[in-house]
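Notes for the structure review
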Amino acid sequence: MKPGKNEFMSLSTRIKNFASEILGDTGILYTIKIDSDIDLEITDFTVRKNLILICKEALNNIAKYSLAKDVQLSLHNVNSEYILKISDNGIGFDHTKTTGNGLQNMKKRTEEMNGKFEILADTGTHITIYVPKIRD
């Protein structure tokens, strides 16, 4: 079986491509900052997959619901963990009253990586995910 071209794309390239696909025609300005060593360091398939799908879910939510004008996405290597931050300047929401599965899916994916999921959604929405470099 011939491998697909996405298998060979770096983590940062895949995230950037999804951002372009999802936000490209919305008029939402976005900035992506990913540490240069991330692609070489994060080699675990499950971690890569979960980070990509979390970014995709968050960006889709921003495009559909936020009314944001600006989005910031960053993935940094800080001491013993990776920190993914996705923030927008949209209308925010009451995350205790959401009806979809998006937030639950992001939390579940974070737990699969033994990570910590945080969300603040009053003035805009700010998601921060902490993923330990060494997992149990």
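These remarks concern the structure in this document.

Conventions and cut-offs
Residues numbered from 1 in each chain as written. Predicted model: local features only at pLDDT ≥ 70, side-chain atom pairs only at ≥ 80, totals over all residues. Heavy atoms only, no water. Helix = DSSP H or I, 4+ residues; strand = E, 2+ residues; numbered from the N terminus. Buried < 20%, exposed > 50% of the residue type's maximum accessible area, 1.4 Å probe, protein only. Contact = heavy atoms within 4.5 Å. Axes fitted to C-alpha atoms, helices over the stretch in contact; angles between N-to-C directions. Parallel < 35°, antiparallel > 145°, perpendicular 65-115°, else oblique. Left-handed = near helix turned anticlockwise from the far one by under 90°. Nonpolar A, V, L, I, M, F, W, Y, C, P; charged D, E, K, R; others polar. Core = buried A, V, L, I, M, F, W, Y, C linked by side-chain atoms within 4.5 Å. Arc of directions from axis to C-beta.

Quick notes on the overall build of the protein chain
Helix and strand counts for the protein chain come out as four helices and five strands. When the helices and strands of the protein chain are placed in sequence order, the string is α-β-α-α-β-β-α-β-β. Evaluated residue by residue, the protein chain yields a buried proportion of 38% over its 136 residues. Expressed as a percentage of contacts within the protein chain between residues at least 6 apart in sequence, the contacts between residues at least 24 apart total 65%.

A few points about unusual backbone geometry
Backbone geometry at Asn-79 places phi at a positive 50°, although glycine is not the residue there. Along the polypeptide, Asn-79 turns up in the loop between strand S2 (70-78) and strand S3 (81-88). Even without a glycine there, the phi angle at Asn-114 is positive, about 60°. Mapped onto the secondary structure, Asn-114 falls in the loop between helix H4 (102-112) and strand S4 (116-120).

Remarks on the packing of helix H1 (residues 11-23) against helix H3 (residues 45-66)
Packing of H1 against H3 leaves a shortest axis separation of 10 Å and a crossing angle of 15°. One finds that H1 runs roughly parallel with respect to H3. You can see that H1 and H3 cross each other, and the crossing is right-handed. Contacts between H1 and H3 involve Leu-11, Arg-14, Ile-15, Phe-18, Ala-19, Ile-22 and Leu-23 from the first element and Arg-48, Leu-51, Ile-52, Cys-55, Lys-56, Leu-59, Asn-60 and Ala-63 from the second. The residue makeup of the contact of H1 with H3, split by class, is eleven nonpolar, one polar and three charged.

Overview of the nonpolar core
In terms of nonpolar packing, the biggest core is built from 34 residues, with Leu-11, Ile-15, Ile-42, Leu-51, Leu-59, Leu-75 and Leu-84 touching the most fellow members. Contributions of two or more residues to this core are made by H1, H3, S2, S3, H4, S4 and strand S5 (125-132).

Describing H4
Taken together, the buried positions of H4 are Gly-102, Leu-103, Met-106 and Thr-110. Each buried residue of H4 lies within a common arc of 100° when the element is viewed along its axis, so the set occupies one face. Relative to its buried face, H4 has exposed residues pointing more than 90 degrees away, namely Lys-108 and Glu-111. Along its buried surface, H4 packs onto H3, S4 and S5. Trailing H4 by a residue or two, Asn-114 shows a phi angle of about 60°, which is positive.

Remarks on the packing of H3 against H4
One can describe the packing of H3 onto H4 by two numbers: an axis separation of 10 Å at closest approach and a directional angle of 160°. Considering their axes alone, H3 and H4 lie roughly antiparallel with respect to each other. The handedness of the crossing between H3 and H4 is left-handed. Along its contact with H3, which presents Thr-46, Lys-49, Asn-50, Leu-53, Ile-54, Glu-57, Ala-58 and Asn-61, the element H4 presents Gly-102, Asn-105, Met-106, Arg-109, Thr-110 and Glu-112. Taken together, the residues of the contact of H3 with H4 break down into four nonpolar, six polar and four charged.

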